[in-house]
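# Inside the fold
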Amino acid sequence: MSDAYPPFKLGKPRYDQNDFAKNRLPPNVTNKELWEAQKIKQAIIHPDTGEKVFMPLEWFVPFGSPMVVGLLLPNQTIASTIFWQWINQSHNACVNYANRNATSPTPISRFLLGYAGAVTTAVSIAVGLNVLIQKANKFNLATKLLIQRFVPFPAVACASTCNLLLMRNSELSTGIEVQDHNGNVIGKSKIAAEKALMETAVTRMFLPAPILVIPPVIMSVLEKTVLFKKYPRINLPIHAAVVTICFGLALPVAIAIFPQYSKVIINQSRGIFSR
């Protein structure tokens, strides 16, 4: 590769972007290199602000895995439940803010409201379900411990949805920007905002499922084996490995459910479209 066109680096374009827009590519630039540059840009650069994301989604697994392990620890106290739900929602809030829809300015107070709502929802559901399970006389101790393993899922799923609605409900009244196939902004649509919120909410509810449901099932089976009974100290590292693998496999699937850009038919927007 020539020195005139070095490998792609953020903030250091290999060639004049105007030439690219006019379909005039410099020599020695292959389609493979263009796709690689696009993947890097889409992973790190915010599509609305054009700035580098301080907490991109590829950090979600390495930073989030220890928190998920904490959420799924067996025999938790009320204090530990509150702590792990709080730290998990704090991490989620940072990721949500970094990867937010920034086509319209949003005051920090709305993000703080969403954060407070998510923490309150997660802690209330987790603690409430744990208390109900403990008071359920129909279940024996082993059954109670098994059911408690799955408590983090409804708590996290509901908290994520609550966070989304509190932070982005204003988009339902103001709409979000709509672009044509050339990337030009043609106005704002409330229907597009409804579609975006619905798809994001489904993703938020789907994402925790394999992460918070599959590991408890796997661990409940492994803990009955002779190896785990003979060497109980391997429980935590195996637990962490199972969570990390499930997290790493589930995140791309959850994000891929809906594309980064979605389509909306303008003539079906019931007249709710403004420039």
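Anything mentioned here points back to the structure above.
The structure contained in this document is the topic of the report that follows. Just so it is clear, the structure is predicted and the values come from calculations on it, not from any experiment. (Residues numbered from 1 in each chain as written. Predicted model: local features only at pLDDT ≥ 70, side-chain atom pairs only at ≥ 80, totals over all residues. Heavy atoms only, no water.)

### Topic: the pairing of strand S2 (residues 185–189)
Sheet topology places strand S1 (residues 176–179) next to S2; four bridges connect them, and they run antiparallel. Directly across from Ile-176, in S2, lies its bridge partner Ser-189. What sits between S1 and S2 in their antiparallel hairpin is a turn of five residues, with Gly-183 showing a positive phi close to 85°. (Pairing = 2+ DSSP bridges. Helix = DSSP H or I, 4+ residues; strand = E, 2+ residues; numbered from the N terminus.)

### Observations concerning the pattern of salt bridges
By the definition in use, this model includes two salt bridges. Between Glu-223 and Arg-149 there is a salt bridge; the shortest N-O distance is 2.6 Å. One end of the pair, Glu-223, is in the loop between helix H10 (208–222) and helix H11 (226–230); the other, Arg-149, is in the loop between helix H6 (141–148) and helix H7 (152–168), and 74 residues separate them in sequence. Residue classification places Glu-223 among the partly exposed residues on the basis of a relative accessible area of 25%. Among the residues examined, Arg-149 registers a relative accessible area of 11% and is labelled buried. (Salt bridge = Lys/Arg side-chain N within 4 Å of Asp/Glu carboxyl O. Buried < 20%, exposed > 50% of the residue type's maximum accessible area, 1.4 Å probe, protein only.)

### Structural notes on the packing of helix H3 (residues 60–71) against helix H4 (residues 78–98)
Where H3 contacts H4, the two axes come as close as 9 Å, and the packing angle between them is 160°. Viewed along their axes, H3 and H4 adopt a mutual orientation that is roughly antiparallel. With respect to the hand of their crossing, H3 and H4 are arranged in left-handed fashion. Across the interface between the two elements, Phe-60, Phe-63, Gly-64, Pro-66, Met-67, Gly-70 and Leu-71 from H3 touch Trp-84, Gln-85, Ile-87, Asn-88, His-91, Asn-92 and Val-95 from H4. Of the residues assigned to the contact of H3 with H4, the class counts are eight nonpolar, six polar and no charged. (Axes fitted to C-alpha atoms, helices over the stretch in contact; angles between N-to-C directions. Parallel < 35°, antiparallel > 145°, perpendicular 65-115°, else oblique. Left-handed = near helix turned anticlockwise from the far one by under 90°. Contact = heavy atoms within 4.5 Å. Nonpolar A, V, L, I, M, F, W, Y, C, P; charged D, E, K, R; others polar.)

The values are spatial; any link to function lies outside them.
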